[in-house]
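# Notes for the structure review
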Amino acid sequence: QNRNLVFVSHQWLGWDEPDPNKDQYPVMVSAILQLVKLKGWILDDTFLWLDYISIPQVHRNMQSLAVASLPVYAAVCNAFLIVAPAALHVNTGEPCGFKSHMNRAWC
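In this text the structure is predicted, and so the values were computed from the model without any measurement. (Residues numbered from 1 in each chain as written. Predicted model: local features only at pLDDT ≥ 70, side-chain atom pairs only at ≥ 80, totals over all residues. Heavy atoms only, no water.)

### Points about the confidence of the model for the protein
Confidence in the prediction of the protein, expressed as mean pLDDT, is 88, and 95% of residues score 70 or more. Across the protein, element-level confidence peaks in helix H1 (residues 25-39) with a mean pLDDT of 97 and bottoms out in helix H2 (residues 51-54) with 72. (pLDDT = per-residue confidence, 0-100. Helix = DSSP H or I, 4+ residues; strand = E, 2+ residues; numbered from the N terminus.)

Below, the structure written as C-alpha coordinates:
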(Lines give C-alpha, C1' and ligand atoms only; values in the text may rest on other atoms or scores of the structure.)
Protein backbone atom coordinates (compact mmCIF):
# COMPACT_ATOMS: atom_id res chain seq x y z
CA GLN A 1 0.00 0.00 0.00
CA ASN A 2 1.18 3.48 -0.84
CA ARG A 3 0.50 5.77 2.10
CA ASN A 4 1.76 9.32 2.29
CA LEU A 5 2.56 11.42 5.34
CA VAL A 6 2.56 15.23 5.20
CA PHE A 7 4.20 17.27 7.94
CA VAL A 8 2.19 20.49 8.30
CA SER A 9 4.01 23.43 9.83
CA HIS A 10 2.14 26.55 10.93
CA GLN A 11 2.38 29.36 13.45
CA TRP A 12 -0.09 29.45 16.31
CA LEU A 13 -2.29 32.52 16.04
CA GLY A 14 -3.35 32.48 19.70
CA TRP A 15 -1.79 31.56 23.02
CA ASP A 16 -4.38 28.88 23.79
CA GLU A 17 -5.37 27.56 20.37
CA PRO A 18 -3.62 27.37 17.02
CA ASP A 19 -6.18 28.97 14.72
CA PRO A 20 -8.82 30.83 16.78
CA ASN A 21 -10.31 32.77 13.83
CA LYS A 22 -9.96 29.89 11.35
CA ASP A 23 -7.55 31.90 9.17
CA GLN A 24 -5.29 28.93 8.49
CA TYR A 25 -7.75 26.04 8.17
CA PRO A 26 -9.12 26.81 4.66
CA VAL A 27 -5.58 27.53 3.41
CA MET A 28 -4.38 24.24 4.90
CA VAL A 29 -7.20 22.24 3.29
CA SER A 30 -6.63 23.88 -0.09
CA ALA A 31 -2.86 23.30 0.05
CA ILE A 32 -3.27 19.64 1.00
CA LEU A 33 -5.75 19.04 -1.83
CA GLN A 34 -3.38 20.73 -4.29
CA LEU A 35 -0.43 18.68 -3.02
CA VAL A 36 -2.38 15.42 -3.36
CA LYS A 37 -3.37 16.32 -6.92
CA LEU A 38 0.16 17.45 -7.86
CA LYS A 39 1.76 14.27 -6.52
CA GLY A 40 -0.95 11.98 -7.93
CA TRP A 41 -1.69 10.62 -4.46
CA ILE A 42 -4.95 9.16 -3.25
CA LEU A 43 -6.54 11.45 -0.68
CA ASP A 44 -7.67 8.58 1.56
CA ASP A 45 -4.06 7.33 1.69
CA THR A 46 -2.69 10.71 2.76
CA PHE A 47 -2.13 11.39 6.44
CA LEU A 48 -1.13 14.56 8.26
CA TRP A 49 1.27 15.28 11.08
CA LEU A 50 -0.10 18.42 12.71
CA ASP A 51 1.27 19.71 16.00
CA TYR A 52 -2.01 20.33 17.82
CA ILE A 53 -3.18 16.76 17.32
CA SER A 54 0.24 15.08 17.11
CA ILE A 55 1.96 16.60 20.15
CA PRO A 56 0.51 16.27 23.66
CA GLN A 57 -0.84 19.67 24.68
CA VAL A 58 -1.46 19.07 28.42
CA HIS A 59 1.26 16.79 29.78
CA ARG A 60 4.42 18.97 29.58
CA ASN A 61 6.96 16.13 29.93
CA MET A 62 5.36 14.18 27.08
CA GLN A 63 5.16 17.41 25.10
CA SER A 64 8.91 17.99 25.53
CA LEU A 65 9.68 14.47 24.35
CA ALA A 66 7.41 14.90 21.32
CA VAL A 67 9.00 18.24 20.40
CA ALA A 68 12.46 16.67 20.68
CA SER A 69 11.36 14.01 18.16
CA LEU A 70 10.31 16.54 15.51
CA PRO A 71 13.39 16.00 13.29
CA VAL A 72 12.56 12.28 13.08
CA TYR A 73 8.96 12.94 12.05
CA ALA A 74 10.01 15.55 9.51
CA ALA A 75 12.62 13.18 8.04
CA VAL A 76 10.16 10.35 7.38
CA CYS A 77 7.42 12.48 5.82
CA ASN A 78 6.77 12.48 2.10
CA ALA A 79 6.16 16.24 2.08
CA PHE A 80 6.67 19.25 4.33
CA LEU A 81 3.93 21.85 4.00
CA ILE A 82 4.15 25.38 5.42
CA VAL A 83 0.80 27.05 6.07
CA ALA A 84 1.41 30.74 6.72
CA PRO A 85 -1.32 33.02 5.39
CA ALA A 86 -1.35 36.68 6.37
CA ALA A 87 -3.20 36.94 9.70
CA LEU A 88 -3.03 38.62 13.09
CA HIS A 89 -2.13 36.95 16.37
CA VAL A 90 -5.30 37.28 18.47
CA ASN A 91 -3.47 38.00 21.73
CA THR A 92 -0.69 40.31 20.58
CA GLY A 93 -2.20 41.86 17.46
CA GLU A 94 1.11 41.21 15.72
CA PRO A 95 1.00 40.35 12.01
CA CYS A 96 1.76 36.73 11.22
CA GLY A 97 2.59 35.15 7.91
CA PHE A 98 5.45 33.52 6.05
CA LYS A 99 8.10 35.94 7.37
CA SER A 100 7.14 35.52 11.03
CA HIS A 101 6.81 31.76 10.52
CA MET A 102 10.37 31.55 9.22
CA ASN A 103 11.68 33.50 12.24
CA ARG A 104 10.44 30.88 14.69
CA ALA A 105 12.82 28.57 16.57
CA TRP A 106 11.30 25.29 15.33
CA CYS A 107 9.08 24.02 12.55
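### Here we look at a nonpolar patch on the surface
Taken together, the side chains of Tyr 25, Val 29, Leu 33 and Leu 43 present a nonpolar region at the surface, about 370 Å² in accessible area. Positionally, Tyr 25 belongs in helix H1. Given a relative accessible area of 53%, Tyr 25 falls into the exposed group. (Patch = residues over 30% accessible without salt bridge, like charges linked within 9 Å, V, L, I, M, F, W, Y side chains within 5 Å. Areas by Shrake-Rupley, 256 points an atom, 1.4 Å probe, with all protein chains shown as cover. Salt bridge = Lys/Arg side-chain N within 4 Å of Asp/Glu carboxyl O. Buried < 20%, exposed > 50% of the residue type's maximum accessible area, 1.4 Å probe, protein only.)

### Observations concerning the pairing of strand E1 (residues 4-10)
Every other side chain in a regular strand lies on the same face of the sheet, so the side chains alternate between the two faces. Burial runs high along E1: 6 of the 7 residues are buried. The sheet contact formed by E1 and strand E2 (residues 46-50) spans 5 bridges and is parallel. Bridge pairing in E2 links Val 6 to Leu 48. In this fold, the crossover linking E1 to E2 by way of H1 has right-handed handedness. (Pairing = 2+ DSSP bridges. Right-handed = clockwise from strand over helix to strand, strands pointing away.)

### Structural notes on the nonpolar core
Counting 11 residues, the largest nonpolar core is built from Val 6, Val 8, Met 28, Ile 32, Leu 35, Val 36, Trp 41, Leu 50, Ala 79, Leu 81 and Val 83. Contributions of two or more residues to this core are made by E1, H1 and strand E3 (79-83). Sort the elements by how many residues they give to this core and H1 lands first, with 4 residues. In contact with Met 28, not counting residues within four places along its chain, are Val 8, Leu 50 and Val 83. Grouped together as the second largest cluster of nonpolar side chains are 6 residues, Trp 49, Ile 55, Ala 66 and Cys 77 included. (Core = buried A, V, L, I, M, F, W, Y, C linked by side-chain atoms within 4.5 Å. Contact = heavy atoms within 4.5 Å.)

### So, the side chain of Asp 19
Positionally, Asp 19 belongs in the loop between E1 and H1. Despite being buried, Asp 19 has no salt bridge partner; Lys 22 is the closest side chain of opposite charge, sitting 6.0 Å away. Separated by 2.8 Å, the side chain of Asp 19 and the backbone nitrogen of Tyr 25 make a polar contact. Ignoring anything within four residues of it in the chain, the contact list for Asp 19 reads Leu 13, Gln 24 and Tyr 25. (Lys, Arg positive; Asp, Glu negative; His and termini not counted. Polar contact = N/O pair within 3.5 Å; in protein donor to acceptor, adjacent residues only side chain to side chain.)

### Considering the environment of Ala 86
By secondary structure assignment, the location of Ala 86 is in the loop between E3 and strand E4 (87-88). Judged by relative accessible area, which is 77%, Ala 86 ranks as exposed. Along the sequence, Ala 86 and Asp 51 sit 35 residues apart, while their C-alpha atoms lie 20 Å from each other. For Ala 86, the contacting residues outside a window of four places in its chain are Cys 96 and Gly 97.

### A word on empty space enclosed by the protein
As enumerated under the stated definition, the model contains 2 cavities of 30 Å³ or more in all. Volume-wise, the second largest cavity comes out at about 30 Å³. Every residue along the wall of the second largest cavity is listed here: Gln 11, Leu 13, Gln 24, Val 83, Ala 84, Pro 85, Cys 96 and Gly 97. (1 Å grid on protein atoms, 1.4 Å probe; cavity = no way out; pocket = protein on both sides within 12 Å on 5 of 7 lines; lining within 4 Å. Points joined across faces, edges and corners; volume = space filled by probe spheres on them.)

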